[in-house]
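Per-entry structural report
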Amino acid sequence: MRILFEDQTYSPDLLMAWGLEPFMFTGRDGSDAMLPYVGYVHSSKINDPIFILPKVFLFHGTGEIDQKNSRLEIAFGKYGIEDVMEISPERNILKKDGLDRVLFGLSAWIYRAIDKYSARHPHSDIIRRSAIQGVTSHSGDSDATLLDTILALLDFNREHSNLFTYITIISSTGKDKIHWAKTISKVQPIIQDREPYYTAFRSKNKAVNYDEQLIILYYSVLQYLNRQYFFPVRTNFNYDLIKPSKIESLIESGRGTRLLRSIRRRYFKDVLVRLWKLLYVFFDKSESIRSGKTRDEALLARSFNLVFEEMVDTLISNDAAEDKDIFSHLKDNKDGKQIDHIYKDRSMLDDGQIYYIGDSKYYFYGSDIGTESIYKQFTYARNIIQLNIDIFNKPEQRRSTKEKEIIGEVRYRDPLTEGYNLTPNFFIRGYIHSDDLADGHADYSSDRLAPYGQKMPMNSHFPGRPFDRDSLVLQAYNINFLFVLASYVNNTESIRTRIHDRFRSDLIRVFNDKYDFFKVTPLQSDIPSFISHHFKEYIGRMYHSDSAGFIWFAFDRGSTDMNRLQSA
């Protein structure tokens, strides 16, 4: 198994020797080359799979590691990139901390995510796909890659472990019972004190159990794959398995498919027929690659940030069918900018709704969010505010159906106070924590959503006016990349509400840290008259929700403005 990383430089000679010439980009002087891809290649030149991992698994090195390695980026925060390029049973630097047992599963999750993205965007120009040609399997799975087949074999083991237990119990019933008639007629006893003693026995005849034969071959293949890719395989049966070197010989000689064809007619249960087909496809594809008669297979994604963006969008954005067209329209701004994520949720101030605007960041570990990205995000928020104000300013009878759907219960500006609703705006970054890949386990179940340490600026034209159009706050979060990956592949939606609540409550906390908020009810006049009288004095500091019997006021924390307002 070979491990490379997205956007890293390598020797052109090495990449060509590994069969990666179609995917590499060389520098002007030809001295180095890079792979701007994430994904999987199975190269017939080296008879080995190559996994190109996202750059999120590269940490910026410090201290002692930097002195030992010429590169700034450190693989998994522990190793030089050159040290993990080739992992095999004979050369396995990752074994000491169990990372070798994580790599195949990690690569498989990434593969599945790219495959799902490809299915959702069949005409996308960021996907490079090359399937093995010439494979004529009997299962109808000839368009799948070898990795697809390996994953199917692993899934079969998880889904049908009870079946294997049942077959083992049935095939073992009566296996060790003594056949006394045969023992007496065939074995010479020892006579002692006129009593016969038998030192050997004949058991009951047992025909070849072909179910058991198929299971032995299956677990032998899993054991072989475990040796090649290091993923854990647990078997609870005392079968004498075929050694990995023998499975390798079956692939090398082409005898694996011949063996399976010879026993094909012995299986009638649907589940065993399915297992036979999976094994046949595995040997068929492996033999085709090994023979060199077929071209390499690959599934790669260029600009993996777009795949990550969709992964995050699927996790946090509204997914209701009636909303998809609205949010698609809102993402494409008239100035050519495109918003990564937008969804509707509760306003900070009332029971109405407001649009939450987000941007996903796909960086090297430890990279800060740049100033350009920060101010672009402020622009995205202004664009959404303006779009809603444009619709709000139209007479209701002139609003199109889509415009009515966009504005719905969302209101950005209060016509009485001319104050603007608080606009949620955030970054979300995929990251890998050292605890997410530890002791041979990868944490795909914990989101680890937490504020990112970089301080985000507050944008404003007038200080102390939170209800001003240009008073915008940004938040930045880290989220476990592995969790986002697994959620996307498995269509997980259960966490969406919790993430939405977290964004909202954190934004409320940010505003509460800076301002004191009050609900003010006029005693000597009605609300419109009170607002009109104090409009110039408190513009940008007050906001009135529809049908509310009070006015929101906000002042810098610790100021005496509220005392002055009470005296008014």
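Everything that follows concerns the structure shown earlier in this document.
What comes next concerns the included structure. (Residues numbered from 1 in each chain as written. Predicted model: local features only at pLDDT ≥ 70, side-chain atom pairs only at ≥ 80, totals over all residues. Heavy atoms only, no water.)

1. With respect to the side chain of Ser347
Definition in use: Each helix is a run of H or I in the DSSP string that is no shorter than four residues. Each strand is a run of E no shorter than two, and both are numbered from the N terminus. Relative accessibility under 20% of the residue-type maximum defines a buried residue, over 50% an exposed one, and the middle range a partly exposed one, all with a 1.4 Å probe and only protein chains included. Polar contacts, as counted here, are pairs of nitrogen or oxygen atoms within 3.5 Å of one another; within protein the pair requires one atom able to donate a hydrogen and one able to accept it, and residues that are adjacent in sequence qualify only if both atoms are side-chain atoms. We call two residues contacting when some pair of their heavy atoms lies within 4.5 Å.
Counting through the fold element by element, Ser347 comes out in the loop between β14 (341-346) and β15 (353-361). Taking the relative accessible area as the measure of exposure, Ser347 reaches 0% and is therefore buried. From its side chain, Ser347 meets the backbone nitrogen of Leu349 in a polar contact 3.0 Å long. The residues touching Ser347, leaving out its near neighbours within four places in the chain, are Gly352, Gln353, Ile354, Asn421 and Arg504.

2. Focus: the nonpolar core
Across soluble globular proteins, nonpolar side chains show a tendency to be buried alongside one another. Applied cut-off: In this description, a nonpolar core means a group of buried Ala, Val, Leu, Ile, Met, Phe, Trp, Tyr and Cys residues linked to one another through side-chain atoms lying within 4.5 Å.
Counting 160 residues, the largest nonpolar core has Phe5 and Phe57 as the members making the most contacts within it. When near neighbours in sequence (up to four residues on either side) are disregarded, Phe57 contacts Phe5, Ile74, Ala75, Phe76, Leu106, Ile110, Ile432, Leu437, Phe481 and Leu482. Grouped together as the second largest cluster of nonpolar side chains are 11 residues, Ile527, Tyr538, Phe553 and Phe555 included.

3. As for the pattern of salt bridges
A side chain of one charge can pair with a side chain of the opposite charge if their charged atoms are brought near each other. Filter applied, for reference: Each reported salt bridge corresponds to a side-chain nitrogen of Lys or Arg within 4 Å of a carboxyl oxygen of Asp or Glu.
One pass over the structure, following the stated rule, counts 22 salt bridges. As a salt-bridge pair, Lys331 and Asp313 come within 2.8 Å of each other at their nearest N and O atoms. In this pair, Lys331 sits in helix α12 (residues 321-331) while Asp313 sits in helix α11 (residues 304-316), placing the two residues 18 residues apart along the sequence. Here the salt bridges share partners, and the residues they tie into one network are Arg2, Asp48 and Glu86.

4. Side note on the sheet that holds strand β6 (residues 48-53)
To keep it simple, the criterion reads: Pairing between two strands is assigned when DSSP locates at least 2 bridges connecting them. Axis lines are fitted to C-alpha atoms, over the contacting stretch for helices. Their N-to-C directions set the angle, which ranges from 0 to 180 degrees.
Pairing in this open sheet of 5 strands is mixed, and the strands run β1-β6-β5-β13-β10 from one edge to the other. Sheet topology places β1 (2-5) and β10 (127-130) at the edges, where each strand pairs with a single neighbour. Averaged over all pairs of adjacent strands, the angle between their axes in this sheet comes to 10°, without regard to strand direction. Of the pairings in the sheet, the one linking β1 to β6 comprises 4 bridges and is parallel in character.

5. So, helix α4 (residues 146-159)
What counts, and what does not: How far a helix is expected to stretch is found by multiplying one less than its residue total by 1.5 Å.
With 14 residues, α4 should cover 20 Å at 1.5 Å per step; its first-to-last C-alpha distance of 20 Å lies within 8% of that length. Along α4, the positions that sit buried rather than exposed are Leu146, Leu147, Thr149, Ile150, Leu151, Leu153, Leu154, Phe156 and Asn157.

6. Details of the packing of aromatic side chains
Two descriptors summarise a pair of aromatic rings, namely the distance from one centre to the other and the angle between the planes of the rings. This is how the line gets drawn: The pairing test for Phe, Tyr and Trp rings, Trp by its six-membered ring, is centres within 6.5 Å, and the orientation test on the planes gives stacked under 30 degrees, edge-to-face over 60, and tilted for anything in between. In this scheme, Lys NZ or Arg CZ marks a charge over a ring once it lies within 6 Å of the ring centre and within 35 degrees of the ring normal.
Per the counting criterion, the structure on display carries 33 aromatic pairs. Between the aromatic rings of Tyr477 and Phe503, the centroid separation amounts to 4.8 Å while the plane-to-plane angle is 45°, which identifies the pairing as tilted. Here Tyr477, found in strand β22 (residues 475-480), pairs with Phe503, found in helix α16 (residues 496-514); they are 26 residues apart in sequence, far enough to count as distant. Among the residues examined, Tyr477 registers a relative accessible area of 1% and is labelled buried. Looking at Phe503, the relative accessible area reads 1%, which means it is buried. Across from the ring centre of Trp18, 4.9 Å away, lies the NZ or CZ of Arg2, which sits over that ring. The ring of Tyr452 is capped by Arg429, whose NZ or CZ atom sits 4.3 Å from the centre of that ring.

7. Quick notes on the pairing of strand β16 (residues 425-431)
Within β16, 7 of the 7 residues are buried, which leaves the element mostly enclosed by the surrounding structure. Covered by surrounding structure in β16 are Asn425, Phe427, Arg429 and Tyr431 together with Phe426, Ile428 and Gly430, the residues of both alternating faces. With 5 bridges joining them, β15 and β16 adopt parallel strand pairing. Opposite Ser360, over in β16, you have Ile428 as the bridge partner.

Structural measurements only, silent on function.
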